[in-house]
Amino acid sequence: MEYAYRPPGPQVPLKFAPPELGPSAVFGQFAESDPQRRLVGIGSVVVLHLLVIWGLASGLARQVVELLPLPIETRIIEERVVPDEAPPPPPPKLEVPPPPFIPPPEIFIATPPPAPAAITVVAEEPPPPTPEPVAAAPQRQVARVAPEVRAKNCAEPEYPAASQRLGETGSVRLALLVGTDGKVKESRVERSSGFPRLDEAAVAGLSRCRFTPGSVDGVPESAWAQIRYTFRGAR
């Protein structure tokens, strides 16, 4: 037993249209009916796809080129330096002309005539008598006595043992400054013996001697004197 549901209200009849066949269905029908038409259809589809791809590629490339920004061109602009304006030249110096030369006035002064020269009488005085020359006093002779230095008045200098062993001999001449008391204040070698040891021995020995001092008018004074001593080797 079958039951059918009917909604309330007026009933509208339903109409069903036959299904539309698309290109693929039509193409399939033709392909199944004719293989040659199938190949022509495939070729036309491929050509159509190529044309679409070419159009898209060319149009998009142009749009990409149009959308790319133009290259930015840069330039270096040199700054122009405006030179400072030169100061105005100083005003020219005006030379003041010198004042005109005015000659001084000539002044004439009347001079009285010269008076006659007076005649004067000058009495000549006799020249004074020339004084008689005074005889010069005779110069007094100064009695100067040199110091007396003799090696016999003192002990002989010590002969160095090294000089005796080496056979050193020679004469030494000394200069001695003899004081007012007869002692030697200073000594120096005037002429060397050729051996320093002999010179030093002569200075050391004779400087300890006491001599007769020099004098002036009987008054003792310090004076230089020379003495010679000879080292003769073994004695």
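Residues numbered from 1 in each chain as written. Predicted model: local features only at pLDDT ≥ 70, side-chain atom pairs only at ≥ 80, totals over all residues. Heavy atoms only, no water.

Per an unreviewed UniProt entry, the protein goes by the name Outer membrane transport energization protein TonB and belongs to Panacagrimonas perspica. Within the UniProt record for the protein, the comment given under Sequence similarities (unreviewed entry) is "Belongs to the TonB family." (UniProt positions renumbered as here; feature names shortened; annotations may be inferred.)

Considering the overall build of the protein
Helix and strand counts for the protein come out as four helices and six strands. Starting at the N terminus and ending at the C terminus, the protein contains elements arranged as α-α-β-α-β-β-α-β-β-β. Evaluated residue by residue, the protein yields a buried proportion of 16% over its 235 residues. Considering only residue pairs separated by 6 or more positions, the protein has 72% of its internal contacts joining residues 24 or more positions apart. (Helix = DSSP H or I, 4+ residues; strand = E, 2+ residues; numbered from the N terminus. Buried < 20%, exposed > 50% of the residue type's maximum accessible area, 1.4 Å probe, protein only. Contact = heavy atoms within 4.5 Å.)

Looking at the state of the cysteines
Overall, the coordinates contain one disulfide when judged by the stated rule. A disulfide bridge connects Cys154 with Cys209, and the sulfur atoms are separated by 1.9 Å. One quick way to see it: the torsion about the S-S bond of Cys154 and Cys209 is about 70°, and its sign makes the bridge right-handed. Remark: Cys209 occurs in the loop between α4 (196-206) and β4 (214-216) and Cys154 occurs in the loop between β1 (144-145) and α3 (161-166); sequence separation between them is 55 residues. (Disulfide = S-S within 2.5 Å.)

Quick word on the packing of aromatic side chains
Within the structure shown, the criterion is met by two aromatic pairs. Pairing Tyr159 with Phe231 gives two aromatic rings, centres 5.2 Å apart and planes at 85°, and the pair type is edge-to-face. With Tyr159 in the loop between β1 and α3 and Phe231 in strand β6 (residues 223-231), this pair connects stretches of sequence that are 72 residues apart. As far as the burial class goes, Tyr159 and Phe231 line up, both buried. Both rings, one in Tyr229 and one in Phe231, keep their centres 5.0 Å apart while their planes meet at 75°; by these two values the pair is edge-to-face. The pair formed by Tyr229 and Phe231 is uniform in burial state, with each residue classed as buried. (Phe/Tyr/Trp six-rings, centres within 6.5 Å; stacked < 30°, edge-to-face > 60°.)

Looking at a positive patch on the surface
Together, Arg173, Arg191, Arg228 and Arg232 line one region of the surface with positive charge. Secondary-structure assignment places Arg228 in strand β6. (Patch = residues over 30% accessible without salt bridge, like charges linked within 9 Å, V, L, I, M, F, W, Y side chains within 5 Å. Areas by Shrake-Rupley, 256 points an atom, 1.4 Å probe, with all protein chains shown as cover. Salt bridge = Lys/Arg side-chain N within 4 Å of Asp/Glu carboxyl O. Lys, Arg positive; Asp, Glu negative; His and termini not counted. Charge placed at Lys NZ, Arg CZ, Asp CG, Glu CD.)

A short note on the environment of Lys185
Along the chain, Lys185 turns up in strand β3 (residues 184-191). Residues Lys185 and Trp224 lie 39 residues apart in sequence; the distance between their C-alpha atoms is 9.9 Å. Residue contacts for Lys185: discarding those within four places in its chain leaves Leu177, Gly179 and Ser222.

Some points on α4
Considered for burial, the residues of α4 that qualify are Leu198, Asp199, Ala201, Ala202, Gly205 and Leu206. All buried residues of α4 project into a common sector of 165° when viewed along the axis, lining one side. Away from the buried face of α4 by more than 90 degrees, exposed residues Pro196 and Glu200 are located. On the buried face of α4, the contacting elements are α3, β2 (170-178), β3 and β6. (Arc of directions from axis to C-beta.)

Re the side chain of Ser163
Along the chain, Ser163 turns up in helix α3. A relative accessible area of 0% places Ser163 in the buried class. Contacts of Ser163, omitting those with residues within four sequence positions, involve Glu168, Arg197 and Leu198.

Points about the sheet that holds β2
Spatial ordering of the open sheet is given by β3-β2-β6, a layout of three strands whose pairing is antiparallel. Of all the strands in the sheet, the pair left with one neighbour each is β3 and β6. With direction set aside, neighbouring strand axes in the sheet form an average angle of 30°. Two elements, β2 and β3, share six bridges in a ladder whose sense is antiparallel. Each bridged residue has a counterpart across the sheet, and for Val178 the counterpart in β3 is Val184. (Pairing = 2+ DSSP bridges. Axes fitted to C-alpha atoms, helices over the stretch in contact; angles between N-to-C directions.)

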